[in-house]
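This is what each chain is made of:
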Amino acid sequence: MTGWLGGAYPWVKAAHVIFVIFWMAGLFMLPRYLAYQSATAPGSAEDRLWVERVGRLKRIILTPGLIVTWVLGLMLATSYGLTHAYWLHAKILMVLLLSGYHGWGAATARKMAAGARPYSEKTLRLLNEVPSVFVIVIVILVVVKPF
Ligand code: HEM
């Protein structure tokens, strides 16, 4: 079942899960940071501090987490074999949607760094819960492989 990765398959899978954890940590932190920033006056010293913190979060955790999770995930998927692995098709669809959520977060951070306040603090706190729904579905798909 290991395919072209051979004996490296479990090592790549371990690295995949490690970067998944980093990416999810970043996805849980970003809307919370934006919620705090949304309570500050645009251009104020506190606002600039949050712009810096969000920038570091994106550069050091979120973007590397997304990219390495995808690269290792696709290595595993091509090694595991995509044919008839319907759980994997469903998983990739869910991860594409989660990557869309990541894109929304990054775009919102850019708008807020430019002084906009597109969402209320309450809305941002609500949107903070979205990744947890995805994580539950994705982990059940990959561990249980229900179909
Ligand atoms: C980016 C696209 C992704 C692809 C193509 C992908 C693909 C895969 C594949 C093929 C495996 C190996 C399955 C096995 O050997 O049983 C795997 C393992 C795993 N993936 Fe992903 N994955 C992706 C993203 C994610 C994300 C976002 C999460 C969590 C939110 C995740 C969680 C896991 C877990 C927990 C395992 C280990 C499952 C086990 O050992 O039973 N993956 N992934």
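Our subject is the structure listed above.
What comes next concerns the included structure. This one's a predicted model, so the numbers in the text were calculated from it and none came from an experiment.

1. Section: the coordination of the iron atom of the ligand
Each donor-metal-donor angle would ideally measure 109.5 degrees in four-coordinate tetrahedral geometry, or 90 or 180 degrees in six-coordinate octahedral geometry.
So, point 1. The protein atoms that coordinate the iron atom of the ligand are His-16 (NE2) and Lys-91 (NZ), at distances spanning 1.8 to 2.1 Å.
So, point 2. In this structure, the iron atom of the ligand is coordinated by six donor atoms arranged in octahedral fashion, with angles at the metal of 83 to 178°. Placement of the pair is His-16 in helix H1 (residues 9–38) and Lys-91 in helix H3 (residues 86–113), with a sequence separation of 75 residues. Comparing His-16 with Lys-91, the two get one shared label, buried.

2. A look at the site of the ligand
So, point 1. For the ligand, the set of nearby residues contains 21 residues, the closest of which are Tyr-9, Lys-13, His-16, Lys-91 and Lys-145.
So, point 2. In the environment of the ligand, a nitrogen atom lies 2.9 Å from a nitrogen or oxygen atom belonging to the side chain of His-16.
So, point 3. Take Lys-91: an N or O atom from its side chain is 2.5 Å from a nitrogen atom of the ligand.
So, point 4. Among the secondary structure elements, those contributing two or more residues to the shell around the ligand are H1, helix H2 (45–80), H3 and helix H5 (130–144).
So, point 5. When grouped by side-chain class, the residues that make up the shell around the ligand number 15 nonpolar, three polar and three charged.

3. Remarks on the packing of H2 against H3
For any two helices packed against each other, one specifies the inter-axial angle together with the distance between the axes.
So, point 1. Two numbers describe how H2 lies on H3: the axes approach to 11 Å, and their chain directions differ by 165°. Put simply, H2 runs roughly antiparallel to H3. The crossing of H2 and H3 is left-handed. Residues Arg-48, Val-51, Val-54, Lys-58, Leu-62, Thr-63, Leu-66, Trp-70, Ala-77 and Tyr-80 of H2 touch H3, and the partners they reach there are Trp-87, Leu-88, Ile-92, Val-95, Leu-96, Ser-99, His-102, Ala-106, Ala-109, Arg-110 and Ala-113.

4. Quick word on H5
So, point 1. Between its first and last C-alpha atoms H5 spans 22 Å; for 15 residues at 1.5 Å apiece the expected length is 21 Å, and the two agree.
So, point 2. Restricting attention to buried positions, one finds in H5 the residues Pro-131, Phe-134, Ile-138 and Leu-141. Looking down the long axis of H5, one finds its buried residues gathered within 95° of arc, a one-sided arrangement. Facing away from the buried side of H5, by more than 90 degrees, are the exposed residues Val-133, Ile-136, Val-143 and Val-144.
So, point 3. Against the buried residues of H5 lie H1, H3 and helix H4 (121–127).

5. Considerations on the pattern of salt bridges
So, point 1. Going through the model one piece at a time under the given rule, you end up with four salt bridges.
So, point 2. When the shortest N-O distance is used, the salt bridge between Asp-47 and Arg-117 registers 3.0 Å. Taken together, the positions of Asp-47 in helix H2 and Arg-117 in the loop between H3 and H4 put the pair 70 residues apart, joining distant regions of the chain.
So, point 3. Exposure remark for Asp-47: the relative accessible area of 0% places this residue in the buried category.

Cut-off values and rules
- Residues numbered from 1 in each chain as written.
- Predicted model: local features only at pLDDT ≥ 70, side-chain atom pairs only at ≥ 80, totals over all residues.
- Heavy atoms only, no water.
- Donors = N, O, S within 2.8 Å, 3.2 Å for Na, K, Ca; no water.
- Tetrahedral: all angles 85-135°; square planar, octahedral: opposite > 155°, others 65-115°.
- Helix = DSSP H or I, 4+ residues; strand = E, 2+ residues; numbered from the N terminus.
- Buried < 20%, exposed > 50% of the residue type's maximum accessible area, 1.4 Å probe, protein only.
- Near = heavy atom within 4 Å.
- Polar contact = N/O pair within 3.5 Å; in protein donor to acceptor, adjacent residues only side chain to side chain.
- Nonpolar A, V, L, I, M, F, W, Y, C, P; charged D, E, K, R; others polar.
- Axes fitted to C-alpha atoms, helices over the stretch in contact; angles between N-to-C directions.
- Parallel < 35°, antiparallel > 145°, perpendicular 65-115°, else oblique.
- Left-handed = near helix turned anticlockwise from the far one by under 90°.
- Contact = heavy atoms within 4.5 Å.
- Expected span 1.5 Å × (residues − 1).
- Arc of directions from axis to C-beta.
- Salt bridge = Lys/Arg side-chain N within 4 Å of Asp/Glu carboxyl O.

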